[in-house]
Amino acid sequence: MIKPTHNKHTMNKELLFVGLDVHAQNIAMALAEGGGGEARSYGTIPNDLHALEKVFARLRKAHPGTALRVCYEAGPTGFVLARRLAQLKIHCTVVAPSLIPSRSGDRIKTDRRDALKLARLHRAGELTAVHVPEASDEAMRDRCRARTDAVQDLRRARAQLKAFLLRNGYRYTGKSAWTEAHRRYLRELVLPHPAQRVVLEDAIAAIAAAGERIGRLEEQMHALLESWPMKPVVEAVMGLRGFAVVGAMVLVSELGGAWRFDHPRQLMAYLGLVPTENTSDQKRRQGGITKPRTITGSAPR
C-alpha cells in the first residue's frame, strides 16, 4: 500500500533526514537537519551493506541523541537496504518514484541533486511511502513471477511457431490447438526444405521445455505453500469462484495482506479498478479504469 510520509516532526532538531540515491554500484547520500537549513551532500559510497553500516555508524557518532530518518526510491535494487537498516534500528522509508514532487523548470538531474532532493522532501513530509513486503512474501512473489515468465515464454514460442507455419502455407484444421492431436500433426508435418524442418523441431522443443518449466514451478509452488505464512489467505482466496491454488498464490503474492489497506477503496485503487476522472467546474468526466498493475494467474492450455 502507498502511504504519505507526513509527520509531526518536520522541524524537530532531534531528527536527521538522510536521502539515498541508490544505484547498482554506488549510493549518493545527502543530509537535512530536522531544525531546518539547507540540505548538504554527504558524498558517495559503494552499494555494499558493509559500507552502509560503516557510514551510518559514523553518522550516529557525529550526531549523538539524533534519530535518523532515511529514505530512498523504490526500484530495481529492491528492499535489501530497507531491511538491513531496520535490523540496525534505523527508520527507513522506501518512496514511490512516480509520486515524488518535481519542478517543471528543473532540467539538471544528477545523483547528488537527487539525494539532496530526497532529503529535503523527506524532511518536509512530501514523499509517499510504498509497502515493504516481508522477506518470505517477496521470495514467494519471485517464484510466482518466475512461473509467469515461463507462461509468457510458452505463449511467445507458440505464437512464433504458428506464424512460421502460416507464413509457409500450413494451417491446422483440427478443432483445438495444442492438444495431443495437434502435437502429432506438428511432429508428422513434412516441410520441403531441411532448414525449415530444423526451425520446426527447434520450436517444438522450445514449447515442450516451456511447458515442463511451468509444471516444475507449479509443483514447487504447491510444496512451498505449506510453509508460507500466507497459506490461510491463499485458502480464503480459493473460496472465490475461478481461483485454484496457483491463481490464488499469484494474487496473494502480488497483493500481500489485504488488511494493510484501511478501506476497500484503497485496495481497488491499488489494483487499478477505479475509473480515471477529469472533473472541472460543473463538468464531470470519467474514463476507463486506471490499470496500474497486471497480475497473471493462468497458463495457456
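The structure displayed is predicted, hence computed values, not measured ones.

### What to know about the overall build of the protein chain
(1) Moving on: Each helix and strand in the protein chain was counted, giving 9 helices and 9 strands.
(2) Moving on: Relative to the 2.2 N^0.38 estimate, which gives 19 Å for 301 residues, the radius of gyration of the protein chain is 26 Å and therefore markedly larger than a compact globule would have.
(3) Moving on: A principal-axis box enclosing the C-alpha atoms of the protein chain has dimensions of 80 × 50 × 45 Å.
(4) Moving on: The burial tally for the protein chain puts 36% of its 301 residues in the buried class.
(5) Moving on: Relative to all contacts within the protein chain whose residues are 6 or more apart in sequence, the contacts with residues 24 or more apart total 56%.
(6) Moving on: When the accessible surface of the protein chain is split by element, carbon and sulfur atoms take 52% of a total near 18400 Å².
(7) Moving on: Of the side chains in the protein chain, 47 bear a positive and 30 a negative charge, and the two mean positions are spaced by 4 Å.

### Here's the deal with the packing of aromatic side chains
The description of an aromatic ring pair uses the distance of the two centres, along with the angle that the planes make with each other.
(1) Moving on: Taken as a whole, this structure holds 2 aromatic pairs when the rule is applied.
(2) Moving on: When the centroid spacing of 5.4 Å and the interplanar angle of 55° are considered together, the rings of Phe261 and Tyr270 count as tilted.
(3) Moving on: The aromatic ring of Tyr270 is capped on one face by Arg260, whose charged end is 5.1 Å from the ring centroid.

### Notes on the nonpolar core
(1) Moving on: Judged by nonpolar contacts, the single largest core of 22 residues is most densely connected at Met29 and Phe56.
(2) Moving on: Taken together, the elements giving at least two residues each to this core come down to β2 (15-22), β3 (26-33), α1 (49-62), β5 (67-73), α2 (80-87) and β6 (91-95).
(3) Moving on: The contact partners of Phe56, leaving out residues within four places of it in the chain, are Val18, Met29, Leu68, Val70, Leu85 and Ile90.
(4) Moving on: Among the nonpolar cores identified, the runner-up in size contains 18 residues, and Val151, Leu165, Leu186 and Leu191 belong to it.

### Some thoughts on a nonpolar patch on the surface
(1) Moving on: On the surface, a cluster of nonpolar side chains totalling about 240 Å² of accessible area is made up of Met268, Leu273 and Ile289.
(2) Moving on: By secondary structure assignment, the location of Leu273 is in the loop between α9 (264-271) and β8 (275-280).
(3) Moving on: Residue classification places Leu273 among the partly exposed positions, given a relative accessible area of 47%.

### Some thoughts on the environment of Thr148
(1) Moving on: Looking at the element boundaries, Thr148 is found in helix α4 (residues 135-167).
(2) Moving on: The class of Thr148 is buried, set by a relative accessible area of 12%.

### Topic: the packing of helix α7 (residues 231-238) against helix α8 (residues 245-255)
(1) Moving on: Two elements in contact, α7 and α8, have axes separated by 9 Å at closest approach and are oriented at 120°. When the axis of α7 is compared with that of α8, the two are oblique. Both α7 and α8 take part in a crossing whose hand is right-handed. Contact residues: α7 offers Val233, Val234, Val237 and Met238, while α8 offers Val245, Ala248, Met249, Leu251 and Val252.
(2) Moving on: In terms of residue class, the contact of α7 with α8 is made up of 9 nonpolar, no polar and no charged.

### Re the packing of α4 against helix α6 (residues 194-225)
(1) Moving on: Packing of α4 against α6 brings their axes to within 9 Å, and their N-to-C directions diverge by 160°. It follows from the interaxial angle that α4 and α6 lie roughly antiparallel. Crossing of α4 over α6 shows left-handed handedness.
(2) Moving on: Among the residues forming the contact of α4 with α6, the class breakdown is 21 nonpolar, 3 polar and 7 charged.

### Looking at the confidence of the model for the protein chain
(1) Moving on: Taken as a whole, the protein chain shows an average pLDDT of 88; of its residues, 92% reach a score of 70 or greater.
(2) Moving on: Here residues 6-10 scores under 50 on pLDDT; set against residues more than four positions off or in separate chains, the count is 8 contacts.
(3) Moving on: When the criterion is pLDDT under 50, residues 294-301 qualifies, and its contacts beyond four places in sequence or with other chains add up to 23 contacts.

### Focus on the pattern of salt bridges
(1) Moving on: Evaluated as defined, the whole model comprises 14 salt bridges.
(2) Moving on: Note that Glu138 is salt-bridged to Arg83, the shortest N-O span being 2.7 Å. Note that Glu138 is positioned in helix α4 and Arg83 in helix α2, a separation of 55 residues in sequence.
(3) Moving on: Look at Glu138 and you get buried, because its relative accessible area is 15%.
(4) Moving on: With a shortest N-O distance of 4.0 Å, Glu235 and Lys231 are connected by a salt bridge. Residue Glu235 and its partner Lys231 are both found in helix α7; the two are separated by 4 residues, about one turn of the helix.
(5) Moving on: Salt bridges sharing partners connect three or more residues here, namely Arg83, Glu138 and Arg141.

### A word on the side chain of Ser253
(1) Moving on: If you trace the backbone, Ser253 turns up in helix α8.
(2) Moving on: In this structure the side chain of Ser253 is engaged in a polar contact, spanning 2.9 Å, whose partner is the backbone oxygen of Val250.
(3) Moving on: Apart from residues lying up to four places away in sequence, Ser253 is in contact with Met140, Arg141, Cys144 and Trp228.

Conventions we followed
Residues numbered from 1 in each chain as written. Predicted model: local features only at pLDDT ≥ 70, side-chain atom pairs only at ≥ 80, totals over all residues. Heavy atoms only, no water. Helix = DSSP H or I, 4+ residues; strand = E, 2+ residues; numbered from the N terminus. Rg over C-alpha atoms; globule rule 2.2 N^0.38 Å. Buried < 20%, exposed > 50% of the residue type's maximum accessible area, 1.4 Å probe, protein only. Contact = heavy atoms within 4.5 Å. Areas by Shrake-Rupley, 256 points an atom, 1.4 Å probe, with all protein chains shown as cover. Lys, Arg positive; Asp, Glu negative; His and termini not counted. Charge placed at Lys NZ, Arg CZ, Asp CG, Glu CD. Phe/Tyr/Trp six-rings, centres within 6.5 Å; stacked < 30°, edge-to-face > 60°. Lys NZ or Arg CZ within 6 Å of the ring centre and 35° of its normal. Core = buried A, V, L, I, M, F, W, Y, C linked by side-chain atoms within 4.5 Å. Patch = residues over 30% accessible without salt bridge, like charges linked within 9 Å, V, L, I, M, F, W, Y side chains within 5 Å. Salt bridge = Lys/Arg side-chain N within 4 Å of Asp/Glu carboxyl O. Axes fitted to C-alpha atoms, helices over the stretch in contact; angles between N-to-C directions. Parallel < 35°, antiparallel > 145°, perpendicular 65-115°, else oblique. Left-handed = near helix turned anticlockwise from the far one by under 90°. Nonpolar A, V, L, I, M, F, W, Y, C, P; charged D, E, K, R; others polar. pLDDT = per-residue confidence, 0-100. Polar contact = N/O pair within 3.5 Å; in protein donor to acceptor, adjacent residues only side chain to side chain.

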